[in-house]
Amino acid sequence: MPTDDSTASAPHDDRRFARLRWRCRRGMLENDLILTRFLDARGEAMTEDEVAALDRLLDLSDNELWDLLSGRADPADASVRPLVASLRAA
Amino acid sequence: MSHGVGDVGKLPVRKFDALVVGAGGSGMRASLQLAEAGLSVAVLTKVFPTRSHTVAAQGGIGASLGNMSEDHWLWHMYDTIKGSDWLGDQDAIEYMCRTAPEVVYELEHFGMPFDRNADGSIYQRPFGGHSANFGEKPVQRACAAADRTGHAMLHTLYQRNVRARTQFFVEWMALDLIRDADGTVLGVVALEMETGAVMILQAKATMFATGGAGRIFAASTNAFINTGDGLGMAARAGIPLEDMEFWQFHPTGVHGAGVLITEGVRGEGGILLNCNGERFMERYAPNLKDLASRDVVSRSMDQEIKEGRGCGPNKDHVMLKLDHLGPDVILKRLPSIREIALKFANVDCIKEPIPVVPTIHYQMGGIPTNVHGQVVAPSGDDPAAVVGGFYAVGECSCVSVHGANRLGTNSLVDLLVFGRSAGNHVVGLALPGKAHRPLPKDAADRTLARLARLDSATSGESVADVAAALRTTMQAHCGVFRNQELLSEGVRQVMEVEQRVQRTAIGDKSTTFNTARVEALELDNMIETAKATVVSAEARRESRGAQARSDYPDRDDVTWLKHTLWYRDGNRLDYKPVNLKPASVEAFPPKTRTY
Ligand SMILES: Cc1cc2nc3c(=O)[nH]c(=O)nc-3n(C[C@H](O)[C@H](O)[C@H](O)COP(=O)(O)OP(=O)(O)OC[C@H]3O[C@@H](n4cnc5c(N)ncnc54)[C@H](O)[C@@H]3O)c2cc1C
């Protein structure tokens, strides 16, 4: 994953973002609601880096994801922590 | 997407022995049976298999293992029939309850991490409506994997399917059913979301396992994915939908969000209050109070709200109070509840009550089938003639084991029992040696016309607005309490919404993961489900199970002990008898349902 500042703040690729939006459809309503709130508020402004981080989060099972979003567990992967913090605040 | 109408030859075609649409518990149980028997099987799913809505199930799977105290499948059968308010077919219920222990042990053998007793046997928890000796006393019948039963079940089935070489088509959406001139089902037209490509998936047997349609109501515990696609596709292909007026409400969904607050909260001592701070359930159910059955509690809450004793500025909800249980009980015994209340109601339930409303939870009706999962529809004198090549299992089907009201934990067992039996039936057809029937030339016309309309429309109604109008109408006119005036107006309004559905337009015409297009296509399915629901409810002039009519408060077995069949064509209704004859035991004749 890119680490230098120029790519970190790069605007997202539309096709990747489109895929991400669909993958925010989950099996649990709890996750649907939080992810939708977040995308509605922040979606268009998400950087390529954030898209990549959310993509990784979405690979989790619904229960693992809900544990992170509800604050019952903390992410092991440090690179997704800022994103998880924004999702929890959404 | 530039396919001409009328020429199926231009669409790519992929052929399989069997095609399963849906990778939830029911679809994957069926596909496992098929793949292990050596058939070529494709499973289509809108989302990754383990993200199907089955993942949300917490409570458990009902089966009379008798691990905690004596239990018998006949007692499970009685509870199910009584729960169904005698609308369930007794042959199907008999088959399900008898087979339940076997499919649970099979799942254990597949590696399902069930909770265990000290002696290693499967632990079983208590659940509302489960009784020993025909209603005499409660029995522990629910098998669970902590509060993640659905999750564990999906993961177990997915692993087994991968091993058996089931072919998954992930992020594919089936759009329409293909039938030939004889009515035999030949497969589906489907959309690959990643590329926007439309294809024909042709099969010798096609099985729908697409789940429920809970998103047609404004207040729903269901994830966004539950848009009733299988029901819409079946209805458009001329297949009737059975008993669609029957929808189960869960009493405690978070007001404004729908997220389910488990019955466990009331089990631990949580109570419901109206705007006067009164524990109103004491008036409606003096014995069981807040722990009365789901339909009784939901109706009582609705009555309080209708009579002006609701809470909040709009007096449109009641309060679930649990702060008196103390932080220890809440945090230890009710995991997640505090987080749910904080996130979705903005209250800390350790200090304040949670605003709740009766919320749509489960669809009892669906595509009519027999115990082999074969789709059946009236033809000539036969009220249940088999539709060739077509099967349905799980929440999208109506076999009918839930009748007018589902017993808790009976959905997961339904998925396993009928997923397996439908799989076995298809295996018995010896499909690998047989040829595919020819596709009709116009196989994809209707679908391509729908897509072409969406692609060319430059202005029109927003999909989100029309979907919201549909949900609000269904909630207001087809909710917990129904009456003629509300329902007649509901039918009129839903038919108006249908006109709007045909005028939608989407701004985004891109091909890759176009969620806007998918949502427009889902709306086509939601409207069919909504019409079926409100039209069937309007016609049924009685109260039975989940259908509560204030103008017809009693069950009427003389006129209404029958299944509704709704046809899209002409918005027409038909009826068929309830099967009151089990195959191996005495029938349970209708009696009054009291708890
Ligand atoms: C919060 C909650 C808790 C519950 N708890 C319990 C419980 O404890 N016990 C119990 O017995 N029941 C419970 N239920 C009910 C039960 O979970 C469901 O009825 C059941 O899981 C439905 O399973 P299914 O296989 O029919 O469909 P689902 O699991 O909903 O799967 C549907 C599948 O179809 C696919 N699909 C849909 N449309 C299309 C299309 N057009 N093209 C391609 N694929 C498509 C989806 O991608 C998905 O894979 C609960 C329900 C909820 C909402």
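(A) Up close: the overall build of chain B. Check the secondary structure of chain B and you find 16 helices and 22 strands. Dimensions of chain B along its principal axes, counting C-alpha atoms only, are 65 × 55 × 50 Å. Per-residue burial over chain B gives 61% buried out of 595 residues. Counting only contacts in chain B whose residues sit at least 6 apart along the sequence, the fraction spanning at least 24 positions is 73%. If you sum the accessible surface of chain B, you get close to 21,000 Å²; carbon and sulfur atoms cover 50% of it. Side chains of chain B carry 63 positive and 69 negative charges; the gap between the two charge centres is 2 Å.

(B) Region of the structure containing the pattern of salt bridges. What the rule picks out here adds up to 62 salt bridges over all chains. A salt bridge links Asp-59 of chain A to Arg-23 of chain A; the shortest N-O distance between them is 2.7 Å. You can see Asp-59 of chain A sitting in the loop between helix 4 (48-58) and helix 5 (62-69) and its partner Arg-23 of chain A sitting in helix 2 (residues 14-23), a full 36 residues away along the chain. The closest approach of N and O atoms between Glu-268 of chain B and Arg-333 of chain B, which form a salt bridge, is 2.9 Å. Residue Glu-268 of chain B is found in the loop between helix 6 (264-267) and strand 12 (271-273), and its partner Arg-333 of chain B is found in helix 9 (residues 326-333); the two are separated by 65 residues along the sequence.

(C) Geometry of the site of the ligand. Residues and elements named next belong to chain B. Taken together, 39 residues sit near the ligand, with Ser-52, Thr-54, Gly-59, Glu-395 and Leu-412 positioned nearest. In the environment of the ligand, an oxygen atom lies 2.7 Å from a nitrogen or oxygen atom belonging to the side chain of Ser-26. In this structure, Thr-45 approaches the ligand through a side-chain N or O atom, which is 2.8 Å from an oxygen atom. Elements represented by at least two residues in the shell around the ligand include exactly helix 1 (25-36), strand 2 (41-45), strand 7 (172-179), helix 5 (229-236), strand 14 (354-363) and helix 11 (410-427). Looking at the shell around the ligand, the element that brings in the most residues is helix 11, giving four residues.

(D) Region of interest: the interface of chain A and chain B. Each partner contributes residues to the interface: chain A has 29 residues there, and chain B has 34 residues. Between chain A and chain B, roughly 2,800 Å² of surface is buried when both sides are summed, and carbon and sulfur atoms account for 56% of that area. Contact with chain B buries area across many residues of chain A, yet Trp-22, Arg-25 and Leu-29 of chain A alone supply 29% of it, more than any other trio. Put simply, chain A and chain B have three salt bridges between them. Where chain A touches chain B, the interface holds 14 residue pairs in polar contact (both at pLDDT 80 or more). Looking at the side of chain A that touches chain B, the elements that each hand over two or more residues are helix 2, helix 3 (29-42) and helix 5 of chain A.

(E) Summary view of the confidence of the model for chain A. All names here are of chain A. Averaged over every residue, the pLDDT of chain A is 87; residues scoring 70 or more account for 90%. The secondary structure element of chain A with the lowest average pLDDT is helix 1 (residues 5-8), at 48, and the one with the highest is helix 5, at 95. Across residues 1-7 the pLDDT falls below 50, and counting only partners more than four positions away or on other chains, this stretch makes six contacts in the model.

(F) Just the pairing of strand 11 (residues 247-254) of chain B, in detail. All names here are of chain B. A large share of strand 11 lies buried, amounting to eight of its eight residues. Direction of pairing for strand 11 relative to strand 14: antiparallel, over a ladder of six bridges. Paired with Gly-253 across the two strands is Val-357, which belongs to strand 14.

(G) Looking closely at the packing of helix 12 (residues 445-456) of chain B against helix 15 (residues 515-539) of chain B. Residues and elements named next belong to chain B. Where helix 12 meets helix 15, the closest approach of the two axes is 11 Å, and the angle between their N-to-C directions is 130°. In terms of their interaxial angle, helix 12 and helix 15 are classed as oblique. Our pair here, helix 12 against helix 15, has a crossing hand that is right-handed. Residues Arg-450, Leu-451, Leu-454 and Asp-455 of helix 12 form the contact with helix 15, whose own contacting residues are Arg-517, Ala-520, Leu-521 and Asp-524. Per-class residue counts for the contact of helix 12 with helix 15 are four nonpolar, no polar and four charged.

(H) The packing of aromatic side chains, seen in detail. Residue and element names in this part refer to chain B. What the rule picks out here adds up to 13 aromatic pairs over all chains. With centroids separated by 5.3 Å and ring planes inclined at 65°, the aromatic side chains of Phe-217 and Trp-247 adopt a geometry described as edge-to-face. Separated by 30 residues along the polypeptide, Phe-217 in the loop between strand 9 (198-208) and helix 5 and Trp-247 in strand 11 bring together distant segments of the chain. Overall, Phe-217 belongs to the buried group, its relative accessible area being 0%.

(I) Looking closely at unusual backbone geometry. Residues and elements named next belong to chain B. At the junction of Val-399 and Ser-400, the peptide bond is cis and its omega measures out at -15° in the coordinates. The phi dihedral of Phe-134 falls on the positive side, at around 60°, and the residue is not glycine. Taking the relative accessible area as the measure of exposure, Phe-134 reaches 34% and is therefore partly exposed.

(J) Region of the structure containing the packing of helix 5 of chain B against helix 15 of chain B. Residue and element names in this part refer to chain B. Running from N to C, helix 5 and helix 15 cross one another at 75°; their axes reach a closest spacing of 8 Å. Judged by the angle between their axes, helix 5 and helix 15 are roughly perpendicular. Mapping the contact onto sequence places Asp-229, Leu-231, Gly-232, Met-233, Ala-235 and Arg-236 in helix 5 and Glu-522, Asp-524, Asn-525, Glu-528 and Thr-529 in helix 15.

(K) Representation of the state of the cysteines in the model. All names here are of chain B. This structure, assessed with the given rule, holds zero disulfides over all chains. Cys-143 takes part in no disulfide bond, and the closest cysteine sulfur to it belongs to Cys-97, at a distance of 13 Å. Of the cysteine sulfurs around Cys-349, a residue in no disulfide, the closest is that of Cys-311, at 16 Å. Judged by relative accessible area, Cys-349 falls into the buried class, the value being 0%.

(L) Region of interest: the sheet that holds strand 4 (residues 124-132) of chain B. All names here are of chain B. Reading across the sheet, the three strands line up as 3-5-4 and stay open at both edges, with antiparallel pairing between neighbours. The open sheet terminates on both sides in strands that have one partner only, identified here as strand 3 (61-62) and strand 4. For strand 3 and strand 5 (residues 137-143), the ladder comprises two bridges, and the chain directions are antiparallel. Bridge pairing in strand 5 links Gly-62 to Ala-142. Together, strand 3, strand 4 and strand 5 form the strand contacts of helix 2 (residues 73-83), whose direction differs from that of strand 4 by roughly 65°.

Each value, and the rule that gives it
- Residues numbered from 1 in each chain as written.
- Chains lettered and ligands numbered in written order.
- Predicted model: local features only at pLDDT ≥ 70, side-chain atom pairs only at ≥ 80, totals over all residues.
- Heavy atoms only, no water.
- Helix = DSSP H or I, 4+ residues; strand = E, 2+ residues; numbered from the N terminus.
- Buried < 20%, exposed > 50% of the residue type's maximum accessible area, 1.4 Å probe, protein only.
- Contact = heavy atoms within 4.5 Å.
- Areas by Shrake-Rupley, 256 points an atom, 1.4 Å probe, with all protein chains shown as cover.
- Lys, Arg positive; Asp, Glu negative; His and termini not counted.
- Charge placed at Lys NZ, Arg CZ, Asp CG, Glu CD.
- Salt bridge = Lys/Arg side-chain N within 4 Å of Asp/Glu carboxyl O.
- Near = heavy atom within 4 Å.
- Polar contact = N/O pair within 3.5 Å; in protein donor to acceptor, adjacent residues only side chain to side chain.
- Buried area = accessible area lost by both parts, 1.4 Å probe.
- pLDDT = per-residue confidence, 0-100.
- Pairing = 2+ DSSP bridges.
- Axes fitted to C-alpha atoms, helices over the stretch in contact; angles between N-to-C directions.
- Parallel < 35°, antiparallel > 145°, perpendicular 65-115°, else oblique.
- Left-handed = near helix turned anticlockwise from the far one by under 90°.
- Nonpolar A, V, L, I, M, F, W, Y, C, P; charged D, E, K, R; others polar.
- Phe/Tyr/Trp six-rings, centres within 6.5 Å; stacked < 30°, edge-to-face > 60°.
- Disulfide = S-S within 2.5 Å.

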